[in-house]
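Read off the chains here:
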Amino acid sequence: MTISYNWLCDYLPVKPTPEELSTILTRIGLEVESLEKFEAVKGSLAGLVIGEVLTAEKHPNADKLRLTTVNTGNEEPLHIVCGAPNVAVGQKVVVAPIGATIYPIGGEPLTMKKAKIRGEESQGMICAEDEIGLGTSHDGIMVLDAGLQPGTPASEVFKPAKDYIYEIGLTPNRMDAMSHIGVAKDVCAFLNNIEHTHKYQVQLPEIKALPQAATPLSISVTIDNTDACPRYSGISITGVQVGPSPEWLKTRLSTIGVRPINNIVDITNFVLHETGQPLHAFDATAIKGNAVVVKNLPAGTPFVTLDEKERKLDASDLMICNGAGEGMCIAGVFGGLHSGVSDATQSIFLESAFFSAGGIRTTSFRHGLRTDAASRFEKGVDISNVVLALQRAAALICELAGGKAASGIVDVYPSVKVKTQVETTYSYIRKLSGSHYPADKIKNILRSLGFDILSESAEGLRVAVPFSKPDISLPADLVEEVMRIDGLDNIEIPSKISISPALSGQPDAERVKEKIADYLAGNGFNEIFTNSITNSKYYTPEVLEHTVKMMNSLTVELDIMRPSMLETGLESIAHNLNRKNEDLLFFEFGKTYRVLEKGYGENNHLVLYLTGKKTAETWMHKSSPVDFYFLKGFVINILQQLGYKQLTWAESAEPGLQPSWEIKIKNQVVVTLGGVATAKLKQFDIRQPVWYATFNWDKILGLLQKSDNFYKEIPRFPAVRRDLALVLDKQVQFASVETAARSVKSGLLQQVNLFDVFESEKLGANKKSYAVSFTFLDPQKTLTDKEIDSVMEKLIKTFETQLQAEIRK
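Quick look at the structure, then. (Residues numbered from 1 in each chain as written. Predicted model: local features only at pLDDT ≥ 70, side-chain atom pairs only at ≥ 80, totals over all residues. Heavy atoms only, no water.)

### Some thoughts on the overall build of the chain
Thought 1: Across its full length, the chain carries 20 helices and 40 strands.
Thought 2: Here the chain has a C-alpha radius of gyration of 39 Å; the compact-globule value for 809 residues is 28 Å, and the former is much larger.
Thought 3: Along the first, second and third principal axes, the C-alpha atoms of the chain reach 125 × 80 × 65 Å.
Thought 4: Here the chain holds 809 residues, and 48% of them are scored as buried. (Helix = DSSP H or I, 4+ residues; strand = E, 2+ residues; numbered from the N terminus. Rg over C-alpha atoms; globule rule 2.2 N^0.38 Å. Buried < 20%, exposed > 50% of the residue type's maximum accessible area, 1.4 Å probe, protein only.)

Written as structure tokens, this is what we have:
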């Protein structure tokens, strides 16, 4: 938010210095991010004076130069060599004497020094307007009013605008401070608190009575959609002469970065930044039927905006229409090409309204129209200020554009809004703030901010919230207001802090997360953070049925909360691939979101993304591409790091993956992994394979043992390995073998491992052979052959029964 020091001081009963005001603003929560000096003319003509040309003679050594003497109010005139063709005796001119600095337009600053030009001494410079920043002409020196006194500072004659500009970092809830009067109210409240008084009040501008037109121009107003437009007011003004604004108005707008256009538009912009209320002026001749109707038009209706672009309206876009039902303006966002004010406009209809914040924001982003009006409406405006701002703008139009009121103010306000009431206690304010505020101080601050105290007692009070503060609805909001106006730097910091040590619950989720992140980073992975808001176009209608949709999306592309981590990760992969970074190992901790029968749900995930080569190619080793087994190795290692060893594998049909597998622990799916399907890769224009694994982090943490000591003593007794060769049908996968082995309930079996696969016609049609090793261990004693043979017999019987396996001898 940009605030002008001079403009703000117009509404203050006292005038602090720019630095003092900067400190006050920051203390009351309006953080000043920058304070810069503004000069309409660079240097503000400092050091330049008015001079009178006493003599002007031809330079003896140059045909185009003149030797002049100039009276600048000192005892001795200055000798100045001048090259201007129009210099003459008796002229009043602008002189830059020795030591003065001029700032030519488009050039570098130049400080005057005593110099010799073609052998003649020159003690300064007689200036043209472009040489001192007052214009662009370089046809000759400036010739001024003959009545000016030599020696008068040029800054007193031209009075170039000077100001200080504050850039204030506003939080989205502080719509009340999005205007100069709004900021002035906070400053006055702060001053009242400092002096324990109520005497400092905002100096509001006087609104003069409007001159009346001889011929009335009545324009009716109808609101069809009162939810989107609770209040709409307007006034007709005739006899308007559209033209340039006066200098003071141009200066006010220029200082805050608003380009002056014409007196009508400039007045609406001025009132916007003065009061925070957006306004819009229609050419009254474009309002067919002398009627304004606030309503929604059918989806797909074309509408040409001021920027001459045709836009297709959505059914939810609120429109200001004429009596014929034709759109004239996208309400609160942008005007139409054929109803705006032009140089030929002589009568206008001036609008001031209150539009719902949600609808304006949605429309603004949908059409890519981020206007000053939209940014204010979407944060909320003061509904009680609608007519006052209209009166202020109408008075200025009558004063500066020669207009006359051709109607009274039309104010359609079907359901008058009631002020929000908040009740709190003094003890609550003191407890939450940590400061012992006296009751009188609390009441004085709230009154200074415009709160009405409805009732009070020794314990607390009940207040009515001003319409300018729609964000206040809770007792905690009142505490914030009190602390802010008292000065955020007054918050007491205790000399000692009492802490009650507490043991974190087991497992410690953050330590587990850090452990796995360290493991992955140590193995060449890079951690990424992707946006949890994504694009609905990535998902099927079936998925979108249970997706959390954004009500006020930042852009059209970011309109849902992600139901899956895959797509946002692929965006990051595509971004890197497009920049020739092709070998990627990514991991991410993030959340997905979904709609439940009642409310919403979110899940934590750990996700791995792999693509490209496993390692960099060297002279000793050729690198191979990442594959399923490379991914599987990391997945198993992560689970083993967390103490999970009894894993059940099964094929799955995960959307977006082909093929895909799932890993279960205690009958709960904790990991899904596989290759990203070709169709999904095409969505992101990715032309190389990508492997993906997602861990359901919530389930993994829930299954963890209630200790983070994942270690045990190294066995003192040796392990024993036995091998089997199993002839199986080709469609039988090793996961089925491992599942069958685990179904034999033996505490001795520690590990099942596939170490060879053999296929040959000699085995039989559609057959293959798995060579599988089994590792046995008893941590209490050395195993005997009899004990191992007993388990092996059970295993063989299980394989023959469940898998119809043939044991190769």
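Anyway, onward from the coordinates.
### Looking at the pattern of salt bridges
Side chains bearing opposite charge may pair, as long as their charged atoms lie close to each other.
Thought 1: A full pass over the atoms with the stated rule returns 39 salt bridges.
Thought 2: The residue Lys469 makes a salt bridge to Glu481 at a minimum N-O spacing of 3.1 Å. Here the residue Lys469 occupies a position in the loop between strand E27 (460-464) and helix H12 (475-486), and Glu481 occupies one in helix H12, the gap between them amounting to 12 residues.
Thought 3: Residue Lys469 is classed as buried on the basis of its relative accessible area of 4%.
Thought 4: One network of salt bridges, in which partners are shared, links Arg174, Asp176, Asp186, Lys469, Glu481 and Arg484. (Salt bridge = Lys/Arg side-chain N within 4 Å of Asp/Glu carboxyl O.)

### Comments concerning the sheet that holds strand E1 (residues 2-4)
Thought 1: The 3 strands are arranged E1-E12-E2 in an open sheet whose pairing can be described as antiparallel. Where the open sheet ends on each side, the last strands, each with one partner, are E1 and strand E2 (31-39). Across this sheet, the average inter-strand angle for adjacent strands is 25 degrees, counted without regard to direction.
Thought 2: As paired elements, E1 and strand E12 (residues 162-169) share 3 bridges and run antiparallel to each other. Looking at the pairing, Ser4 lines up with Ile165 of E12.
Thought 3: Contacting E2 and E12, helix H2 (residues 18-27) crosses the sheet at an angle of about 155 degrees to E2. (Pairing = 2+ DSSP bridges. Axes fitted to C-alpha atoms, helices over the stretch in contact; angles between N-to-C directions. Contact = heavy atoms within 4.5 Å.)

### Quick look at empty space enclosed by the protein
Thought 1: Under the defined criterion, the tally for this structure stands at 1 cavity of 30 Å³ or more.
Thought 2: Here the largest cavity is characterised by a volume of approximately 50 Å³.
Thought 3: Taken together, Val41, Lys42, Gly43, Leu45, Ala46, Leu48, Thr101, Ile102, Tyr103 and Ile132 make up the lining of the largest cavity.
Thought 4: The residue makeup of the lining of the largest cavity, split by class, is 7 nonpolar, 2 polar and 1 charged. (1 Å grid on protein atoms, 1.4 Å probe; cavity = no way out; pocket = protein on both sides within 12 Å on 5 of 7 lines; lining within 4 Å. Points joined across faces, edges and corners; volume = space filled by probe spheres on them. Nonpolar A, V, L, I, M, F, W, Y, C, P; charged D, E, K, R; others polar.)

### Some details on the nonpolar core
Thought 1: Judged by nonpolar contacts, the single largest core of 70 residues is most densely connected at Leu25 and Ile397.
Thought 2: Sequence-distant contacts of Leu25, defined by excluding residues within four places in its chain, comprise Leu30, Glu31, Val32, Tyr166, Ile168, Val183 and Val187.
Thought 3: Residues Ala228, Cys229, Phe377 and Phe467 belong to the second largest nonpolar core, which totals 39 residues. (Core = buried A, V, L, I, M, F, W, Y, C linked by side-chain atoms within 4.5 Å.)

### A word on helix H15 (residues 566-577)
Thought 1: Counted at 1.5 Å a residue, the expected span for H15 with its 12 residues is 16 Å, and the 16 Å between its end C-alpha atoms agrees.
Thought 2: With respect to burial, H15 is a largely interior element, 10 of its 12 residues being buried. (Expected span 1.5 Å × (residues − 1).)

### Some details on the pairing of strand E4 (residues 66-71)
Thought 1: Both strand E3 (residues 49-58) and E4 contribute to a ladder of 6 bridges, which runs antiparallel. For Lys58, the partnering residue across the bridge sits in E4 and is Arg66.
Thought 2: Examined bridge by bridge, E4 and strand E5 (residues 78-82) share 5 bridges and lie antiparallel to one another. Bridge pairing in E5 places Leu67 opposite Val81.
Thought 3: Once E4 ends, the chain turns through 6 residues before running back antiparallel as E5, passing Gly73 with a positive phi of about 90 degrees.

### Things to note about the sheet that holds strand E21 (residues 334-335)
Thought 1: Here 5 strands make up an open sheet; going across it, the order is E13-E16-E19-E20-E21 and the pairing mixed. In this open sheet, the two strands that pair with only one neighbour each are strand E13 (220-223) and E21.
Thought 2: For strand E16 (residues 291-296) and strand E19 (residues 318-321), the ladder comprises 4 bridges, and the chain directions are antiparallel. Within E19, the position partnered with Lys295 by the bridge is Met319.

### Side note on helix H9 (residues 386-401)
Thought 1: Helix length check: H9 (16 residues) gives 22 Å between terminal C-alpha atoms against 22 Å at 1.5 Å per residue, within 8%.
Thought 2: Most of H9 sits out of view: 12 of its 16 residues are buried.
Thought 3: Three or more residues of H9 are buried, namely Val386, Val387, Ala389, Leu390, Arg392, Ala393, Ala394, Ala395, Leu396, Ile397, Cys398 and Ala401.
Thought 4: Of the residues one or two after H9, Gly402 is the one with positive phi, at around 75 degrees.

### Notes on unusual backbone geometry
Thought 1: Across the junction of Gln658 and Pro659, the peptide omega takes the value 0 degrees, indicating a cis bond.
Thought 2: Inspection of the secondary structure assignment puts Pro659 in strand E34 (residues 657-665).
Thought 3: If you check the backbone angles, Gln804 has positive phi at about 50 degrees while not being a glycine.
Thought 4: Relative to the helices and strands, Gln804 resides in the loop between helix H20 (785-802) and strand E40 (806-807).
Thought 5: Residue Gln804 is classed as exposed on the basis of its relative accessible area of 54%.

### Re the side chain of Asp176
Thought 1: By the element assignment, Asp176 lies in the loop between E12 and helix H4 (180-195).
Thought 2: A polar contact is formed between the side chain of Asp176 and the side chain of Arg174, at a distance of 2.8 Å.
Thought 3: Side chain to side chain, Asp176 and Lys469 meet in a polar contact 2.8 Å long.
Thought 4: Excluding residues that lie within four positions of it along the chain, Asp176 makes contacts with Gly182, Val183, Asp186, Ser468 and Lys469. (Polar contact = N/O pair within 3.5 Å; in protein donor to acceptor, adjacent residues only side chain to side chain.)

### Focus on the environment of His79
Thought 1: Tracing the backbone through its elements, the reader meets His79 in strand E5.
Thought 2: Distance in space between the C-alpha atoms of His79 and Thr55 is 9.5 Å, their sequence separation being 24 residues.
Thought 3: Discounting chain neighbours no more than four positions away, the residues touching His79 are Thr68, Thr69, Glu121, Ser122 and Gln123.

### Some remarks on the packing of aromatic side chains
Thought 1: One pass over the structure, following the stated rule, counts 17 aromatic pairs.
Thought 2: Taken together, a centroid distance of 4.9 Å and an interplanar angle of 10 degrees make the contact between Trp7 and Phe270 stacked. Of this pair, Trp7 sits in helix H1 (residues 5-9) while Phe270 sits in helix H6 (residues 263-275), and the two are 263 residues apart along the sequence. Of the two residues, Trp7 and Phe270, both sit in the buried class.
Thought 3: Ring pairing ties together the aromatic residues Phe628, Tyr629, Trp649, Trp661 and Trp691, which thus form one cluster.
Thought 4: Above the plane of the ring of Phe365 lies Arg370, whose end atom (NZ or CZ) is 4.2 Å from the centre. (Phe/Tyr/Trp six-rings, centres within 6.5 Å; stacked < 30°, edge-to-face > 60°. Lys NZ or Arg CZ within 6 Å of the ring centre and 35° of its normal.)

Shape descriptors only; they carry no functional weight alone.
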